[in-house]
Structures are given as structure tokens and as C-alpha cells.
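Given next are the chains, with one letter for each unit.
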Amino acid sequence: MSRRILVTGASGMLGSHVLSVLSAKNDVLGWSHGADRAPLHRIDATHAGQVEQFFRTHTPEVCVHCIASPDVLACERDPHMAAQLNSQTTKQVARACTEYGAKLVYISSEYVFDGTASDGYTEDSQPRPLQIYGETKLRGEEHAAQVPHHLTVRLPVLYGGPVPGRKPTWLEAMLRSLEQGLPVELDDHFERQPTWSYDVATVLARAIDEEVEGILHVATQEGLTKYAWGVKVAEAAGLPSSLLRPVPAPPETSGPRKPARPWLHTHRLQQLGISPPPGVSERAAAYVRSLGGAWRT
Ligand SMILES: NC(=O)c1ccc[n+]([C@@H]2O[C@H](COP(=O)([O-])OP(=O)(O)OC[C@H]3O[C@@H](n4cnc5c(N)ncnc54)[C@H](OP(=O)(O)O)[C@@H]3O)[C@@H](O)[C@H]2O)c1
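Since this is a predicted model, take the numbers as computed values, not measurements. (Residues numbered from 1 in each chain as written. Predicted model: local features only at pLDDT ≥ 70, side-chain atom pairs only at ≥ 80, totals over all residues. Heavy atoms only, no water.)

A few words now on the overall build of the chain. Each helix and strand in the chain was counted, giving 10 helices and 11 strands. What you see for the chain is a C-alpha radius of gyration of 19 Å, in line with the 19 Å of a compact globule of 297 residues. Each principal axis of the C-alpha distribution contributes one length, and for the chain these read about 55 × 40 × 40 Å. Looking at the chain as a whole, 51% of its 297 residues are labelled buried. Relative to all contacts within the chain whose residues are 6 or more apart in sequence, the contacts with residues 24 or more apart total 78%. (Helix = DSSP H or I, 4+ residues; strand = E, 2+ residues; numbered from the N terminus. Rg over C-alpha atoms; globule rule 2.2 N^0.38 Å. Buried < 20%, exposed > 50% of the residue type's maximum accessible area, 1.4 Å probe, protein only. Contact = heavy atoms within 4.5 Å.)

Laid out in C-alpha cells, this is it:
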């Protein structure tokens, strides 16, 4: 069934994939903040009046809310900015969804958990964020839960295509260094669930189609350290992974606390008959192809 869907943060890494995947079957509108390119509508979502006016004019049936600052360090340094982007924009959007009868799909994060549970986390597990980013994403979850029809989707660490106007992602920077014959040190201690944002968008499209509500974890079930992840992507690009250096123990850091292993289980997704996204082993080649050599520029 075709729907009128609004994607907020549609100029971002995840939102751009969500916009393009949902556009195949739906009438999709997208928001950006700084990016000025069609078909995106520029808006400041911290501004209640701008949000309300857009909903009044366009009356979306579903809103996929991808706006946030996913930069954990930047959030810690600027808690006001983190609260504005991660929590306040969600409050404005949730309020508008309730007023205009739209369903809200809120994008959340593994960082709502403290990562101490050795057997991982289900949708029912108790959140306990360790830093400003996780706290403000959890506030966002609370705002989203006020909307009569809502879906909160928790995601692990993502990788995606280059975003115009942004500095290269760590994977693009790594590929560039390897091409120049330079070594790169990568953490080989923390296990993560690196998931391609294109695959997240595909699962979201299905969850929206099937009117899933509540909380849903969407994450590959392949666990990799950053080093193992980098090796797979380097090999897929035909570059020398021997230049990658595993760093076995986490360096002492004065930055924000990070969850050691916030493993997201996907039993609910599977009960719904939806496969979790594939891991890097399966997707590295397609991801590298999707970059079209962007790390060289
Ligand atoms: N990246 C990850 O590894 C990861 C992991 C788990 C969960 N998540 C979650 O996934 C979602 C998307 O993350 P992402 O990595 O795709 O983020 P991103 O690339 O940084 O995109 C953020 C988006 O928010 C927009 N935005 C910023 N300030 C705004 C404002 N005041 N008004 C309107 N729009 C504004 C940006 O617009 P402009 O670009 O036009 O400025 C951009 O489209 C977030 O909810 C994040 O918490 C991300």
C-alpha cells in the first residue's frame, strides 16, 4: 500500500537510504537542515512552529524520524545541542504526529544500554545510558512513546555511503590510507554489530508496510571488532589489509563512557518473519561498490 511518508534527517547517512528505499512504493517527503538540494525541504526541527506548519500543510501518514546528533563526543561536549537534536526535535515531531494522526517511527540506538549484560539486550531490557548521547536518545524514546501509533527502532553502529558536504567516514579514510600505503590502527577489543544503513532502510520499509508497533531491534547478528570489520572492507576493496594494525586493549580515554557490549538481540524481528540485516562478511563487497571509489576524491 502506498503511503505519504515524511523522512526527517533525509540528508543524513541513514535518512538518505530511508528516503530512497521508501520512495520505491510510497509518496515520500524529506527534511534537511543545512543541505539545500531537491527534493528535500529545509527546516529547523527544533522550532515547534516550523514542524507544526509542515505537518498541517502536508499531513504525512507516517513520519520516520532520523534527525539526531550521532556524534557521541560532540554530544558530551555540548549537552544543550544533544538535547535539542536528539530529544527536543523528537518532542516536536511526536506532538505533530499525535495532532495530525501520523504514525511515528523513531530511530534510537544501542547506546540506551550500558553494555554490561553478557547475554545482550532484548526490546524489554532496562535501558541505562552511560553518556549524554544515550540519555538524550532515551528521552527521545519517551517522547515517541506518547504517540498513539509509534515504532521505536534501536540500531547498532552503522556504516553508509558518503554524505555530501561531510568529512569522510572512518571506513573511507581507512581505504584512502591503505591506498596510499599507510598503516591504520583499529580497535580489536570491543565487539560490535556493524550494519549497513541501506539494509536498515530495507527492514524499516517492511516494518512500516506490516504496521509493526512498539520497540524493535534491527541489527546484524554478526559480531566484529572494528579491526575485523576494517579487514573485510579492505579485502573487498582489493587493498592490503596487512597494513591494518589491531589494537588489543582500549586506550585510556577521558572521553564519554561507551557501552562495552550493547548487543541487540533480534528475536522480535525474527518472530515477525523478518530476517536481521546481513553482516559485513556478506555485505562488504556491495558496500564498497556503492562507494564508487568515493574515498579516492
Ligand atoms: N550513525 C550511526 O552509527 C547510528 C547508530 C545507531 C543509531 N543511529 C541513529 O540513526 C539516526 C540517523 O543517524 P545518522 O548517522 O544518519 O545521522 P546524520 O548522518 O548525522 O544525519 C543527521 C540528520 O539530521 C539533520 N538535522 C540536524 N539538525 C537538524 C535540525 N535542527 N533540523 C532539521 N534537521 C536537522 C541533518 O540535516 P543536514 O545534514 O541537512 O544538516 C541530517 O539530515 C539517528 O537517530 C541516530 O541516533 C545512528
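The relative placement of two packed helices is expressed as an angle between their axes plus a distance between the axes. In contact at an axis separation of 8 Å, helix H4 (residues 79–100) and helix H5 (residues 132–144) are set at 10° when each is read in the N-to-C sense. Taken together, the axes of H4 and H5 are roughly parallel relative to one another. Contact residues: Pro-79, Ala-82, Ala-83, Asn-86, Ser-87, Thr-90, Lys-91 and Ala-94 in H4; Ile-132, Tyr-133, Thr-136, Lys-137, Arg-139, Gly-140, His-143 and Ala-144 in H5. Here the contact of H4 with H5 is composed, by residue class, of 7 nonpolar, 6 polar and 3 charged. (Axes fitted to C-alpha atoms, helices over the stretch in contact; angles between N-to-C directions. Parallel < 35°, antiparallel > 145°, perpendicular 65-115°, else oblique. Nonpolar A, V, L, I, M, F, W, Y, C, P; charged D, E, K, R; others polar.)

Here we take up the site of the ligand. Near the ligand lie 28 residues; those nearest to it are Ser-11, Met-13, Leu-14, Tyr-133 and Lys-137. Between the ligand and Ile-107, the relevant distance is 3.3 Å, taken from an oxygen atom to a main-chain nitrogen or oxygen of the residue. Here an oxygen atom of the ligand and a side-chain polar atom of Lys-137 are 2.7 Å apart. Here the ligand loses 88% of its free accessible area of 910 Å² to cover by the protein chains. Counting residues per element, the shell around the ligand draws most heavily on strand S5 (residues 103–109), which supplies 3 residues. Residues belonging to the shell around the ligand are distributed by class as follows: 17 nonpolar, 8 polar and 3 charged. (Near = heavy atom within 4 Å. Polar contact = N/O pair within 3.5 Å; in protein donor to acceptor, adjacent residues only side chain to side chain. Areas by Shrake-Rupley, 256 points an atom, 1.4 Å probe, with all protein chains shown as cover.)

Strands pair in a sheet through their backbones, by hydrogen bonds, and they do so in one of two ways: parallel or antiparallel. Sheet architecture is open: 7 strands sit in the order S3-S2-S1-S4-S5-S6-S10, paired in parallel fashion. Two strands lie at the open edges of the sheet, namely strand S3 (40–42) and strand S10 (214–217), each paired on one side alone. Neighbour-to-neighbour, the strand axes of the sheet open up by a mean angle of 20°, direction not taken into account. Relative to strand S2 (residues 27–32), strand S1 (residues 4–8) runs parallel, the two being bridged by 4 bridges. Within S2, the position partnered with Ile-5 by the bridge is Val-28. (Pairing = 2+ DSSP bridges.)

What follows concerns the pairing of S5. Counting buried positions over the 7 residues of S5 gives 7, a clear majority of the element. Of the two faces of S5, the one holding Lys-103, Val-105, Ile-107 and Ser-109 and the one holding Leu-104, Tyr-106 and Ser-108 are both buried throughout. Looking at chain direction, strand S4 (residues 62–65) and S5 are connected through 4 bridges and run parallel. Looking at the pairing, Cys-63 lines up with Leu-104 of S5. Read as a crossover between parallel neighbours, the route from S5 over H5 to strand S6 (residues 150–155) is right-handed. (Right-handed = clockwise from strand over helix to strand, strands pointing away.)

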